[in-house]
Amino acid sequence: MLVLGVCSLKGGVGKTSVTLGLASAALERGLRTLVVDLDPQGDSTLALATAPAAGSVAEVLDEPGLETLNAATAASAWADQGLDVLVGSPDSARHDGYGHDGSTRELDRLRFALAWLHSYDLVLIDCPPSLGGLTRTGLTACDRAIVVTEPGLFAVTAVGRAMRTIDDLRRGPAGQLQPLGVVVNRVKARSIEQAFRLEELSGLYGPLVLNPFVPERAALQQAQGAAQPIHAWPGQGARDLAASFDQLLDRALRAPRT
């Protein structure tokens, strides 16, 4: 089971959209997938048209274990089977202060809970767009992490902070954690400013900037609004996006794990 974290330290760059695109690619491939919605906004839970659950990720972090995990896990309406969600909740915000003192016990809560799982091929953790305890807890549970950005000044600056956080955790409570790389989202074909930022990113992070870039297409918002996977949405724009997510998922699945 690969546990892949999706994070960004700047809101509005499409972190949840990338999580959903990877979930769509995994579903298309027949991988049994769990999406963990750690973001208190709960956008992944909403977009995946998740069935009601008796609990949420907040209760799992309160009392990590199989019982709370099962109560907080629900099926997505994207498919009859194969895609589940560890349901998000605004209540998870109460855990965002955990781990600031470096307490391994607090940061290990999600990793301990996920250790009960044996029925999934892939776990995608949608982290909040912050450096708080929830993001650190999510990344501590991961084998690999991707940092989502878009080719703009402030988003590029946030990549460095995210990479440093991943490195700090790898040297501390999450020795298994490795950065998969940077996913550049919402790329426009003919933007001089974006071309400059893409060159800047490549200069800073080299091979950690993942290919392909995710193009900006209206189909992504359309599919999400209809609670449908991008692989099931019609049109060339959707096919372009699906191909990008397929290749990014390939990269994640090929990455060696410690």
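A word on helix α10 (residues 218-225)
Link 1 in the chain: Within α10, the full set of buried residues consists of Ala219, Leu220 and Ala223. Along the long axis of α10, the arc covered by the buried residues comes to 105 degrees, so they all point the same way. Along α10, the residues that are exposed and aim more than 90 degrees away from the buried face are Ala218 and Gly225.
Link 2 in the chain: The positive-phi residue at the C-terminal boundary of α10 is Ala227, with phi of around 55 degrees.

A closer look at the packing of aromatic side chains
Link 1 in the chain: Counting across every chain of the model gives 1 aromatic pair.
Link 2 in the chain: Seen in terms of ring centroids, Phe112 and Trp116 are 6.4 Å apart; in terms of plane orientation they differ by 85 degrees. Their pairing is edge-to-face.
Link 3 in the chain: Note on Phe112: relative accessible area 46%, which makes it partly exposed.
Link 4 in the chain: Classification of Trp116 as partly exposed rests on a relative accessible area of 40%.

Some words on the sheet that holds strand β7 (residues 178-184)
Link 1 in the chain: Pairing in this open sheet of 7 strands is mixed, and the strands run β3-β4-β2-β5-β1-β6-β7 from one edge to the other. Across the chains shown, the open sheet's two edge strands, defined by having one partner strand only, are β3 (73-75) and β7. Going across the sheet, the axis of each strand differs from the next one's by a mean of 25 degrees, ignoring polarity.
Link 2 in the chain: The pairing of strand β6 (residues 144-149) with β7 spans 6 bridges and is classified as parallel. From the neighbouring strand, Arg144 faces β7, where its bridge partner is Gln178.

Regarding the pattern of salt bridges
Link 1 in the chain: Summed over all chains, the structure comprises 14 salt bridges.
Link 2 in the chain: Arg94 serves as the salt-bridge partner of Glu59, at 4.0 Å between the closest nitrogen and oxygen. Of this pair, Glu59 sits in helix α3 (residues 57-62) while Arg94 sits in the loop between β4 (83-86) and α5 (104-107); the two residues are 35 residues apart in sequence, bridging distant segments of the chain.
Link 3 in the chain: We classify Glu59 as partly exposed; its relative accessible area is 29%.
Link 4 in the chain: Among the ionic pairs, Arg170 bridges to Asp167, the shortest N-O distance being 2.8 Å. Taken as a pair, Arg170 and Asp167 lie in helix α8 (residues 153-170) at a separation of 3 residues, close to a single helical turn.

What about the nonpolar core?
Link 1 in the chain: One finds Val36, Leu86, Leu110, Leu114 and Ile125 to be the most contacted residues of the largest nonpolar core, which totals 43 residues.
Link 2 in the chain: The greatest single-element share of this core, amounting to 7 residues, is contributed by α8.
Link 3 in the chain: The residues contacting Leu86, other than those within four sequence positions of it, are Leu34, Val35, Val36, Asp37, Val57, Val60, Leu69, Ala72, Thr73 and Leu110.
Link 4 in the chain: If you look at the next biggest cluster of nonpolar residues, it comprises 37 residues, including Ala25, Val85, Ile146 and Val183.

A few points about the pairing of β7
Link 1 in the chain: Counting buried positions over the 7 residues of β7 gives 5, a clear majority of the element.
Link 2 in the chain: Taking the sense of rotation as the criterion, the β-α-β connection linking β6, α8 and β7 turns out right-handed.

A few points about the environment of Ala218
Link 1 in the chain: With respect to the helices and strands, the residue Ala218 is situated in helix α10.
Link 2 in the chain: You can call Ala218 exposed: its relative accessible area is 51%.

Some points on unusual backbone geometry
Link 1 in the chain: Put simply, Asn211 and Pro212 share a cis peptide bond, and its omega is 0 degrees.
Link 2 in the chain: Tracing the chain through its elements places Pro212 in the loop between α9 (192-205) and α10.
Link 3 in the chain: Of note, Ala49 is a non-glycine position whose phi angle comes to about 50 degrees, a positive value.
Link 4 in the chain: Mapped onto the elements of the fold, Ala49 is located in the loop between α2 (43-47) and α3.
Link 5 in the chain: For Ala49, a relative accessible area of 28% corresponds to the partly exposed category.
Link 6 in the chain: Positive phi outside glycine occurs at Ala227, with the angle close to 55 degrees.
Link 7 in the chain: With respect to the helices and strands, the residue Ala227 is situated in the loop between α10 and α11 (236-254).

Rules and cut-offs
Residues numbered from 1 in each chain as written. Predicted model: local features only at pLDDT ≥ 70, side-chain atom pairs only at ≥ 80, totals over all residues. Heavy atoms only, no water. Buried < 20%, exposed > 50% of the residue type's maximum accessible area, 1.4 Å probe, protein only. Helix = DSSP H or I, 4+ residues; strand = E, 2+ residues; numbered from the N terminus. Arc of directions from axis to C-beta. Phe/Tyr/Trp six-rings, centres within 6.5 Å; stacked < 30°, edge-to-face > 60°. Pairing = 2+ DSSP bridges. Axes fitted to C-alpha atoms, helices over the stretch in contact; angles between N-to-C directions. Salt bridge = Lys/Arg side-chain N within 4 Å of Asp/Glu carboxyl O. Core = buried A, V, L, I, M, F, W, Y, C linked by side-chain atoms within 4.5 Å. Contact = heavy atoms within 4.5 Å. Right-handed = clockwise from strand over helix to strand, strands pointing away.

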